Amino acid sequence: MARRIESLSIAGPAGRLEALLEEPEDVGPIEAAIVCHPHPQGGGTMHNKVVYRLARGLRKSGCVVLRFNYRGVNRSEGEYGDGIGETDDARVALREVERRYPGLPLLAAGFSFGAR
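Residues numbered from 1 in each chain as written. Predicted model: local features only at pLDDT ≥ 70, side-chain atom pairs only at ≥ 80, totals over all residues. Heavy atoms only, no water.

Colleague: Break down helix α2 (residues 84-100) for me, citing the residues and quoting the values.
Modeller: Between the first and last C-alpha of α2 there are 25 Å, a value that for 17 residues agrees with the 24 Å anticipated at 1.5 Å per step. For α2, the set of buried residues is Gly 85, Glu 86, Asp 89, Ala 90, Val 92, Ala 93, Glu 96 and Val 97. For α2, the arc enclosing every buried residue in end-on projection is 160 degrees, short of the 170-degree limit, so these residues lie on one face. Residues of α2 that are exposed and point over 90 degrees away from its buried face: Ile 84 and Arg 99. The secondary structure elements touched by the buried residues of α2 are β1 (4-12), β2 (15-23), β3 (31-36), β4 (63-68) and β5 (106-110). (Helix = DSSP H or I, 4+ residues; strand = E, 2+ residues; numbered from the N terminus. Expected span 1.5 Å × (residues − 1). Buried < 20%, exposed > 50% of the residue type's maximum accessible area, 1.4 Å probe, protein only. Arc of directions from axis to C-beta. Contact = heavy atoms within 4.5 Å.)

Colleague: Describe the pattern of salt bridges, naming the residues involved and giving the relevant values.
Modeller: Side chains that carry opposite charge are capable of pairing whenever their charged atoms lie near each other. Under the definition given, this model contains 10 salt bridges. A salt bridge links Arg 71 to Asp 89; the shortest N-O distance between them is 2.9 Å. Of the two residues, Arg 71 is situated in the loop between β4 and α2 and Asp 89 in helix α2; the sequence distance between them amounts to 18 residues. In this structure, Arg 71 and Asp 89 share a single accessibility class: buried. As a salt-bridge pair, Arg 100 and Glu 96 come within 2.7 Å of each other at their nearest N and O atoms. With Arg 100 and Glu 96 both in helix α2, this residue pair falls four residues apart, about one helical turn. (Salt bridge = Lys/Arg side-chain N within 4 Å of Asp/Glu carboxyl O.)

Written out as C-alpha coordinates, the structure reads:
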(Lines give C-alpha, C1' and ligand atoms only; values in the text may rest on other atoms or scores of the structure.)
Protein backbone atom coordinates (compact mmCIF):
# COMPACT_ATOMS: atom_id res chain seq x y z
CA MET A 1 0.00 0.00 0.00
CA ALA A 2 1.39 3.41 -0.97
CA ARG A 3 1.68 6.18 1.56
CA ARG A 4 -1.17 8.65 1.76
CA ILE A 5 -0.32 12.32 1.34
CA GLU A 6 -2.83 15.16 1.41
CA SER A 7 -2.40 18.87 0.67
CA LEU A 8 -4.22 21.01 3.20
CA SER A 9 -5.12 24.61 3.78
CA ILE A 10 -5.57 25.16 7.52
CA ALA A 11 -7.28 28.21 9.03
CA GLY A 12 -4.52 29.99 10.92
CA PRO A 13 -4.43 33.10 13.08
CA ALA A 14 -3.12 35.27 10.20
CA GLY A 15 -4.87 33.48 7.34
CA ARG A 16 -4.70 30.10 5.63
CA LEU A 17 -1.63 27.90 6.27
CA GLU A 18 -0.35 25.63 3.53
CA ALA A 19 0.34 22.11 4.81
CA LEU A 20 1.04 18.50 3.84
CA LEU A 21 -0.31 15.59 5.86
CA GLU A 22 1.37 12.20 5.42
CA GLU A 23 0.26 8.91 6.92
CA PRO A 24 2.58 5.95 7.49
CA GLU A 25 2.63 3.13 4.97
CA ASP A 26 0.99 -0.21 5.69
CA VAL A 27 -0.05 0.57 9.30
CA GLY A 28 -2.36 2.88 11.18
CA PRO A 29 -0.56 5.76 12.88
CA ILE A 30 0.63 5.26 16.47
CA GLU A 31 1.49 8.94 17.06
CA ALA A 32 0.74 12.29 15.43
CA ALA A 33 3.47 14.85 14.77
CA ILE A 34 4.05 18.29 13.33
CA VAL A 35 7.38 19.28 11.82
CA CYS A 36 8.33 22.96 11.79
CA HIS A 37 10.74 24.51 9.28
CA PRO A 38 13.73 26.89 9.55
CA HIS A 39 13.45 30.66 9.71
CA PRO A 40 10.94 31.98 7.18
CA GLN A 41 12.98 35.10 6.51
CA GLY A 42 16.00 32.95 5.69
CA GLY A 43 14.20 30.91 3.04
CA GLY A 44 12.89 28.15 5.31
CA THR A 45 9.91 26.14 4.05
CA MET A 46 8.23 22.81 4.75
CA HIS A 47 10.17 21.48 1.74
CA ASN A 48 13.57 22.06 3.40
CA LYS A 49 15.71 18.91 3.03
CA VAL A 50 16.16 18.41 6.78
CA VAL A 51 12.45 18.98 7.48
CA TYR A 52 11.51 16.52 4.74
CA ARG A 53 13.89 13.85 6.08
CA LEU A 54 12.75 14.39 9.66
CA ALA A 55 9.13 13.98 8.56
CA ARG A 56 10.03 10.89 6.55
CA GLY A 57 11.77 9.31 9.54
CA LEU A 58 8.79 9.99 11.79
CA ARG A 59 6.40 8.61 9.20
CA LYS A 60 8.48 5.44 8.80
CA SER A 61 8.37 4.97 12.57
CA GLY A 62 4.56 5.00 12.50
CA CYS A 63 3.66 8.67 12.90
CA VAL A 64 1.18 10.63 10.88
CA VAL A 65 3.10 13.84 10.07
CA LEU A 66 1.92 17.35 9.29
CA ARG A 67 4.43 19.72 7.71
CA PHE A 68 3.28 23.29 7.21
CA ASN A 69 4.54 26.65 6.04
CA TYR A 70 4.52 29.46 8.54
CA ARG A 71 2.55 32.61 7.75
CA GLY A 72 3.86 34.45 4.70
CA VAL A 73 5.78 31.46 3.29
CA ASN A 74 4.81 30.17 -0.17
CA ARG A 75 1.01 29.72 -0.16
CA SER A 76 0.53 30.49 3.53
CA GLU A 77 -1.16 33.83 4.10
CA GLY A 78 0.00 36.60 6.41
CA GLU A 79 3.33 38.18 7.24
CA TYR A 80 6.26 37.24 9.46
CA GLY A 81 5.17 37.48 13.11
CA ASP A 82 8.54 37.95 14.90
CA GLY A 83 8.51 34.35 16.13
CA ILE A 84 5.40 34.91 18.24
CA GLY A 85 3.03 34.55 15.30
CA GLU A 86 4.90 31.50 14.07
CA THR A 87 4.48 29.88 17.49
CA ASP A 88 0.75 30.47 17.11
CA ASP A 89 0.91 28.85 13.65
CA ALA A 90 2.56 25.76 15.17
CA ARG A 91 -0.17 25.57 17.82
CA VAL A 92 -2.82 25.62 15.09
CA ALA A 93 -0.99 22.84 13.21
CA LEU A 94 -0.76 20.73 16.37
CA ARG A 95 -4.48 21.24 17.06
CA GLU A 96 -5.24 20.16 13.48
CA VAL A 97 -3.49 16.78 13.86
CA GLU A 98 -5.07 16.37 17.29
CA ARG A 99 -8.51 17.01 15.75
CA ARG A 100 -7.92 14.56 12.89
CA TYR A 101 -6.32 11.85 15.06
CA PRO A 102 -7.90 12.14 18.52
CA GLY A 103 -6.32 10.08 21.25
CA LEU A 104 -2.92 9.68 19.58
CA PRO A 105 0.14 10.95 21.45
CA LEU A 106 1.32 14.28 19.97
CA LEU A 107 4.84 15.22 18.97
CA ALA A 108 6.36 18.49 17.82
CA ALA A 109 9.65 18.51 15.94
CA GLY A 110 11.57 21.05 13.95
CA PHE A 111 14.85 22.22 12.52
CA SER A 112 16.70 25.41 13.50
CA PHE A 113 14.07 28.17 14.00
CA GLY A 114 11.39 25.49 13.83
CA ALA A 115 12.90 23.63 16.78
CA ARG A 116 12.76 26.75 18.93
